[in-house]
Amino acid sequence: MTEPAVHRTHPTGPGVTRIDTTRPHPARVYDWFLGGKDNYPVDEALGKQIMSIDAGAPRAARANRRFMQRATRRLAREAGIRQFLDIGTGIPTEPNLHQIAQSFAPDARVVYVDNDPIVLAHAEALLRGTPEGVTEYLQADAREPAAILEQARRILDFDRPVALSLIALLHFVADEDGAHELVDTLVEALAPGSCLVVSAMTADFEPENVQRGIAAYAAGGVTLVARSQAEMGRFFKGLEVLDPGVVSVADWHPEPDAGGDAPDGPGPVSLYGGVGRKP
Ligand SMILES: C[S@@+](CC[C@H](N)C(=O)[O-])C[C@H]1O[C@@H](n2cnc3c(N)ncnc32)[C@H](O)[C@@H]1O
């Protein structure tokens, strides 16, 4: 019997038993870069290998996390968005997206989506939102956007603006595996005034290191793709890209005075980020 594409699951659900500790997983390697504890020796080994190529990898992960925080904050505070669909959520890391959104808008409704059972296993932390708001976790694959939309509609009103965030997700989905089609399907479902938030890896700043990193992930069985600024721009087709455009995540509305929002070290951050608004 084939499994349903989406599990609207509780952390004690069946996915918990499917954690594969024999090969590295993106969510767990990222957790290791962020200093988290929800990773395994195989993830740490790949993380260390990446750091031997680029010692700045944890710094890039932190800069990406802060991009998520700033973008979410601006969309909740300045754009007045009250609904959030975050695909490729990752292992809970405080502050999580719902904590940022609900600190400005306690009634914000947040749907998280990830396909890794380790995220499901820790999803409980994502479900502790405000009493006025809603948080929900779906275990699903971004490459099946129609199934995600079907489930998300139970929580979110797609006739009203939604902030769709695909943060550090799309570099795990190659163009030939449907990266653009999944974005197009999701964006098409959004109401005017909705926003798309994207960050993804690029080799524009440090081509050699990034290509070596991609090879290390590939050896661990993980597909990773780097995109140029122009290739990243294609994800925002039909949207108004907000200032300052598609830039390194560290340069997207940096808030150096806001308690650690500045990049915490020298050198480029090899992730582009941007926000587009649906007209
Ligand atoms: C690097 S983490 C980013 C976490 C978080 N968005 C952030 O930026 O801090 C990437 C996440 O995307 C998830 N992911 C990768 N491919 C996916 C797919 N096809 N469908 C759903 N999630 C996916 C991974 O499991 C992982 O949790």
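Here, every reference points to the structure presented above.
What counts and what doesn't
Residues numbered from 1 in each chain as written. Predicted model: local features only at pLDDT ≥ 70, side-chain atom pairs only at ≥ 80, totals over all residues. Helix = DSSP H or I, 4+ residues; strand = E, 2+ residues; numbered from the N terminus. Rg over C-alpha atoms; globule rule 2.2 N^0.38 Å. Buried ≥ 20, exposed ≤ 12 C-beta atoms within 10 Å, placed from the backbone. Contact = placed C-beta atoms within 7 Å. Near = placed C-beta within 6 Å. Nonpolar A, V, L, I, M, F, W, Y, C, P; charged D, E, K, R; others polar. Core = buried A, V, L, I, M, F, W, Y, C linked by C-beta atoms within 7 Å. Axes fitted to C-alpha atoms, helices over the stretch in contact; angles between N-to-C directions. Parallel < 35°, antiparallel > 145°, perpendicular 65-115°, else oblique. Left-handed = near helix turned anticlockwise from the far one by under 90°.

Quick look at the overall build of the protein chain now. Helix and strand counts for the protein chain stand at 9 helices and 9 strands. Since a compact globule built from 279 residues should have a radius of gyration of about 19 Å, the 17 Å found for the protein chain is in line with a globular shape. Seen through its principal axes, the protein chain has C-alpha atoms that stretch 45 × 45 × 40 Å. For the protein chain, with 279 residues in total, the buried portion stands at 46%. Of the contacts made within the protein chain by residues no fewer than 6 positions apart, 78% connect residues no fewer than 24 positions apart.

Here we take up the site of the ligand. Inspection of the region around the ligand gives 21 residues, with A27, G88, G90, D116 and A142 positioned closest. Contributing elements (two or more residues each) for the shell around the ligand: helix 1 (26-33) and helix 3 (57-77). For the shell around the ligand, the per-class residue count stands at 11 nonpolar, 5 polar and 5 charged.

For helix 4 (residues 97-104), the complete set of buried residues consists of L97, H98, I100, A101 and Q102. The secondary structure elements touched by the buried residues of helix 4 are helix 3, strand 2 (83-87), strand 3 (109-114), strand 4 (134-140) and strand 5 (163-167).

This brings us to the nonpolar core. L164 and V197 are the most contacted members of the largest nonpolar core, which has 77 residues in total. With residues near it in sequence (within four places) discarded, L164 still touches L85, L186, V187, L190, S194, L196 and V197.

Where helix 3 meets helix 4, the axes come as close as 9 Å, and the angle between the chain directions of the two elements is 30 degrees. In terms of orientation, helix 3 and helix 4 fall into the roughly parallel class. Where helix 3 crosses over helix 4, the handedness of that crossing is right-handed. Contact residues: helix 3 offers M68, Q69, T72, R73, A76 and R77, while helix 4 offers L97, I100, A101 and F104. Grouping the amino acids of the contact of helix 3 with helix 4 by side-chain chemistry returns 6 nonpolar, 2 polar and 2 charged.

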